[in-house]
Amino acid sequence: MSVAPAFPLTTLARGAAGLTLEGVALVDIAARFGTPVYVYSRAALVAAFEAYRGALGARPALVCCAVKANSNLGVLSLFAALGAGFDIVSGGELARVLAAGGRAERVVFSGVGKSRVEMKQALTAGIRCFNVESAAELDRLNAVAGELGASAPIALRVNPDVDPKTHPYISTGLKSNKFGVAGDEAFALYQRAAAMPHLAVRGIACHIGSQLLDPAPVSEAAARILALVDRLAAVGIRLDHIDLGGGLGIRYRDETPPTVAAYLAPLLDTFKDRPETLCFEPGRSLTGNAGLLLTRIEYLKHGEEKNFAIVDAAMNDLARPALYDAWHEVVPVVAYDVPPGRYDIVGPICESGDFLAQGRDLALEAGDLLALLSAGAYGMSMSSNYNTRPRAAEVIVDGDTVHLVRARETVESLYALECPLPNAHAPV
Ligand SMILES: *Cc1c(COP(=O)(O)O)cnc(C)c1O
């Protein structure tokens, strides 16, 4: 007898009422909050975070959740309560972290384009570290810190030039992309930074890519980083933290990513006798398989060559399929006994690229609910209002209760900052 593989969202199960997440039926969530709605599992979020903490054990370490993967205040507040740090890429994300109860001294600030205003905001809040990505940024940060009479804690984001063997759009550690500074350049840049009056050199950072399924490239990067750390120490530049970024992949379809423990094991081995704090910046591996997008079928349309299930979610809600040709598992919430067909799952947006899934064999009827799995990372956080579509609601299931952590947007709010041209009727 073949056993159906467990869902990658481990708190999702099929019962008499269809799919349930923790103790709540998805049909009840749809009835109460409407669709489309992002649904996260508190237990799955906590388990994903604890997997990191458990694997890191007693060694000095900080797990900084990558806010860009999921920036909902409810989700961030949960991680903050667990003692997480945060990896931010904008002043907006810093504001979210603070509003969610996160501590500034556990925040690292990544990104190639930090503005003066964002630097001031982060310095005033007292963040842990700026992960600086260029020589020009060092100069700007030194100047801004000087104006504030402050000292800016910095790490350089170094490009270890290893191939993470992932999708080209989400590979970030190669010489050919915009992130970080080259390994050869970093040594000289650290010496420059150490001589700047308003910078305090604290650490080193790297992040080689996303959806990594093989731990080897990260280990390779870590070895290169360590060699640089020792070279710096030899000239009197001592670092107190080493940030190895995020990037651990998850199962969307049939991938077999390493467990968090297996991913971290070679890194912990490399750094086992080292006093530096190890930082990680996981995004996808914390939230990706802790959430799903719940949507309802509006129409079935049987074309000459293809069948379409037109649903009430679209590429504005979940951009990954259109953007990266990404796969999300599609699961009918209630399994009905109707003839199966091969369907493209598409949204109402006026773009041919508006699909959520293609060529899936499913037994569907109009009105059915579908769960798009593995949507907890880069789902809501990449959503837009294209076609003046209010963004979905977000809820966190917590045992047998459901917390609304983002109300569905209203149409009026989408144009609240706009106004008609006052002289639109003036003759030309
Ligand atoms: C996007 C990003 C992360 C998170 O990556 P995941 O693949 O979601 O773990 C971490 N650090 C930096 C600098 C990033 O740009």
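Residues numbered from 1 in each chain as written. Predicted model: local features only at pLDDT ≥ 70, side-chain atom pairs only at ≥ 80, totals over all residues. Heavy atoms only, no water.

## Some details on the packing of aromatic side chains
The following threshold applies: Any two of the Phe, Tyr and Trp rings considered here, Trp counted by its six-membered ring, make a pair once their centres fall within 6.5 Å; the pair's planes then place it as stacked at under 30 degrees, edge-to-face at over 60, or tilted in between. For the exposure calls, accessible area comes from a 1.4 Å probe over protein chains only, and a residue counts as buried if that area is under 20% of its type's maximum, exposed if over 50%, partly exposed in between. Secondary structure follows DSSP: runs of H or I at least 4 residues long count as helices, runs of E at least 2 residues long count as strands, and numbering of each begins at the N terminus. Ring-over charges, as used throughout, are those where CZ of Arg or NZ of Lys falls within 6 Å of the ring centre and within 35 degrees of the ring normal.
Under the defined criterion, the tally for this structure stands at three aromatic pairs. Arranged with centres 6.3 Å apart and planes meeting at 15°, the rings of Tyr38 and Tyr40 form a pair that is stacked. On the basis of relative accessibility, which here comes to 0%, the residue Tyr40 falls in the buried class. Aromatic side chains Phe49 and Phe79 sit 5.9 Å apart centroid to centroid with 40° between the ring planes, which places their arrangement in the tilted category. With Phe49 in helix H2 (residues 42-56) and Phe79 in helix H3 (residues 73-81), this pair connects stretches of sequence that are 30 residues apart. Each member of the pair, Phe49 together with Phe79, is buried. The cationic tip of Arg231 hangs over the ring face of Phe187; the distance from NZ or CZ to the ring centre is 3.9 Å. Just above the ring of Trp327 sits the side chain of Arg253; from NZ or CZ to the centre is 3.6 Å.

## So, the sheet that holds strand S1 (residues 12-15)
Two orientations exist for strands paired in a sheet by backbone hydrogen bonds: parallel and antiparallel. What counts here: At least two DSSP bridges between two strands are needed for those strands to be called paired.
The strand order S1-S2-S3 describes an open sheet built from three strands, whose pairing is antiparallel. What marks the edges here is a single partner per strand, and that holds for S1 and strand S3 (24-25). Bridge count for S1 against strand S2 (residues 18-21) is four bridges, and the pairing is antiparallel. Looking across to S2, one finds that Ala13 is bridged to Thr20.

## Structural notes on unusual backbone geometry
Residues Thr35 and Pro36 are joined by a peptide bond in cis, for which omega reads -5°. Mapping Pro36 onto the fold places it in the loop between helix H1 (26-33) and strand S4 (37-41). Not every positive phi belongs to a glycine, and Asn387 is a case in point at roughly 70°. The residue Asn387 is located in the loop between strand S19 (369-372) and strand S20 (393-398) in this model.

## Describing the layout of surface pockets
The condition is simple: Cavities and pockets were defined on a 1 Å grid built over protein atoms only: a cavity is a set of grid points that admits a 1.4 Å probe from which the probe cannot escape, a pocket is an open set flanked by protein on both sides within 12 Å along at least five of seven lines, and lining residues are those with an atom within 4 Å of any such point. Grid points are joined across faces, edges and corners, and a volume is the space filled by probe spheres set on the points. Each residue is assigned to one class: nonpolar for Ala, Val, Leu, Ile, Met, Phe, Trp, Tyr, Cys and Pro, charged for Asp, Glu, Lys and Arg, and polar for all the others, Gly among them. Residue ranges assigned to the domains are those given by an automatic or database domain assignment.
Approximately 380 Å³ is the volume attributed to the second largest pocket. Pro8, Ala48, Ile250, Ser285 and Asn289 are, among the 21 residues lining the second largest pocket, the residues nearest its centre. Residue classes in the lining of the second largest pocket are distributed as twelve nonpolar, seven polar and two charged. Counting the residues that make up the lining of the second largest pocket, at least three belong to each of domain 1 (12-41 + 288-414) and domain 2 (110-282).

## A short note on helix H8 (residues 216-234)
Note the following rule: Each helix should span, by expectation, one fewer than its residue count multiplied by 1.5 Å. In this analysis, two residues are considered to be in contact whenever any of their non-hydrogen atoms come within 4.5 Å of each other.
If you check H8, its first and last C-alpha atoms are 27 Å apart, about what 19 residues at 1.5 Å a residue would give, namely 27 Å. Among all positions in H8, only Pro217, Val218, Ser219, Ala221, Ala222, Ile225, Leu226, Leu228, Val229 and Leu232 are buried. Residues of H8 that are buried sit in contact with strand S9 (152-159), helix H7 (183-194), strand S11 (199-205), strand S12 (241-243) and helix H9 (260-270). Two residues or fewer after H8 comes Gly236, characterised by a positive phi angle close to 90°.

## With respect to the site of the ligand
Defined as follows: The near set for a molecule or strand comprises every residue that places at least one heavy atom within 4 Å of it. Each polar contact in these results corresponds to two N or O atoms within 3.5 Å; when the atoms are within protein, one needs to be able to donate a hydrogen and the other to accept it, and residues that are neighboring in sequence are counted only if both atoms are side-chain atoms. What sets the accessible areas is the Shrake-Rupley method with a 1.4 Å probe; for residues, cover comes only from the shown protein chains.
Near the ligand, the surroundings consist of 14 residues, among which Lys68, Ser210, Glu281, Arg284 and Tyr378 are the closest. Note that an oxygen atom of the ligand is positioned 2.8 Å from one of the backbone N or O atoms of Arg284. Protein burial of the ligand: of its 390 Å² of free accessible surface, 94% is covered by the chains. The residue inventory of the shell around the ligand, partitioned by class, reads three nonpolar, six polar and five charged.

Shape is all these values report; function is a separate question.
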